[in-house]
Amino acid sequence: MAGDVEVRGFALMLAVRVAYLAFLLWLFIPEAYLQELGITYYPSKYWAVAGPAWLTLAIVWGYWVYEGLNMTRVPPLSDSRNLADARCKSAERVGLRGYTQPTTHAVPPLCHIPPDIVSRHLFGGGAVASTPATATAAAAAAAEASVPATGGTSASR
């Protein structure tokens, strides 16, 4: 036997299809023929275009508002909450011996990995640059290392 949710869903599906069919009939049948049938109370055909356009714009605007509200709740990039918060769990707290030690679990437990360990693992170097000056010096050194031996830059070719 069908449950209450299935019956309501089926009824709603039928109602939507009947409403869409009525919309299409109203849209494509000429006004003179509708008046011959005795149907005189109906909206202007302007709303056949304006209604869906307004609905589409409302949905797009809703997404923009949603994104904007989420952006107001995000802390600035310089905030330490972007790296760790009160809910972060260390490796020791979840039962691991360390971040790089093997585990007996098929899927290791979820824990926070500090940025310097992630940087060392991904880039094979030291820790994440802690100051803008250090970051700029590291970027300049990387740019010098990528210049071809012929002496020119790739932009001048």
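Quick notes on the rules
Residues numbered from 1 in each chain as written. Predicted model: local features only at pLDDT ≥ 70, side-chain atom pairs only at ≥ 80, totals over all residues. Heavy atoms only, no water. Helix = DSSP H or I, 4+ residues; strand = E, 2+ residues; numbered from the N terminus. Buried < 20%, exposed > 50% of the residue type's maximum accessible area, 1.4 Å probe, protein only. Contact = heavy atoms within 4.5 Å. Areas by Shrake-Rupley, 256 points an atom, 1.4 Å probe, with all protein chains shown as cover. Patch = residues over 30% accessible without salt bridge, like charges linked within 9 Å, V, L, I, M, F, W, Y side chains within 5 Å. Salt bridge = Lys/Arg side-chain N within 4 Å of Asp/Glu carboxyl O. UniProt positions renumbered as here; feature names shortened; annotations may be inferred. Polar contact = N/O pair within 3.5 Å; in protein donor to acceptor, adjacent residues only side chain to side chain. pLDDT = per-residue confidence, 0-100. Disulfide = S-S within 2.5 Å.

J.: What am I meant to see in the overall build of the protein chain here?
T.: Counting its secondary structure elements, the protein chain contains five helices and zero strands. Moving toward the C terminus, one meets the helices and strands of the protein chain in the order α-α-α-α-α. A total of 157 residues make up the protein chain; the buried ones form 7% of that total. By sequence separation, contacts in the protein chain at least 24 residues apart represent 9% of the contacts at least 6 residues apart. Within the structure as shown, the protein chain displays about 13600 Å² of accessible surface, and the carbon and sulfur contribution to it stands at 67%.

J.: Sorry if this is basic, but what is going on with a nonpolar patch on the surface here?
T.: Side chains of V60, W61, W64, V65 and L69 sit close together on the surface and give an oily, nonpolar patch of about 550 Å² of accessible area. Residue position: V65 is located in helix α3 (residues 46-73). V65 sits in the partly exposed class, given a relative accessible area of 31%.

J.: Hey, could you run me through the UniProt feature "transmembrane region" (unreviewed entry) in the protein chain in this one?
T.: Sites flagged by UniProt as "transmembrane region" (unreviewed entry) map to residues 12-34 and 46-66. This span, residues 12-34, is 91% helix and 0% strand, and a straight line between its end C-alpha atoms measures 27 Å. Annotated as 100% helix and 0% strand, the span residues 46-66 places its first and last C-alpha atoms 30 Å apart.

J.: Which parts of the structure should I look at to understand the pattern of salt bridges?
T.: Proximity of charged atoms lets side chains of opposite charge pair with each other. In total, this model carries three salt bridges according to the counting rule given. Where D79 meets R81, a salt bridge forms, and the shortest distance between an N and an O atom there is 2.6 Å.

J.: Got a minute to help me understand the environment of K45 in this structure?
T.: Among the secondary structure elements, K45 is positioned in the loop between α2 (31-36) and α3. A sequence separation of 15 residues divides K45 from P30, and the C-alpha atoms of the two residues are 9.9 Å apart. Discounting chain neighbours no more than four positions away, the residues touching K45 are W26, L27, I29 and E31. Within the local environment of K45, its side chain forms a polar contact with the backbone oxygen of W26, the two atoms lying 2.3 Å apart.

J.: Please explain the confidence of the model for the protein chain as it appears in this structure.
T.: Parts of the model with low pLDDT should not have their predicted coordinates read in detail. For the protein chain, per-residue confidence averages 79 on the pLDDT scale, and 78% of positions sit at 70 or higher. Mean pLDDT values over the elements of the protein chain span from 48, in helix α5 (residues 132-145), up to 95, in α3. Across residues 149-157, where pLDDT falls below 50, the model places four contacts with residues more than four positions away in sequence or in other chains.

J.: How do you make sense of the state of the cysteines when you look at a structure like this?
T.: Two cysteines form a disulfide when their sulfur atoms are joined by a covalent bond. If you walk through the whole model with that rule in mind, you get zero disulfides. The thiol of C88 is unpaired, and the distance to the nearest cysteine sulfur, on C111, comes to 9.8 Å. Exposure remark for C88: the relative accessible area of 26% places this residue in the partly exposed category.

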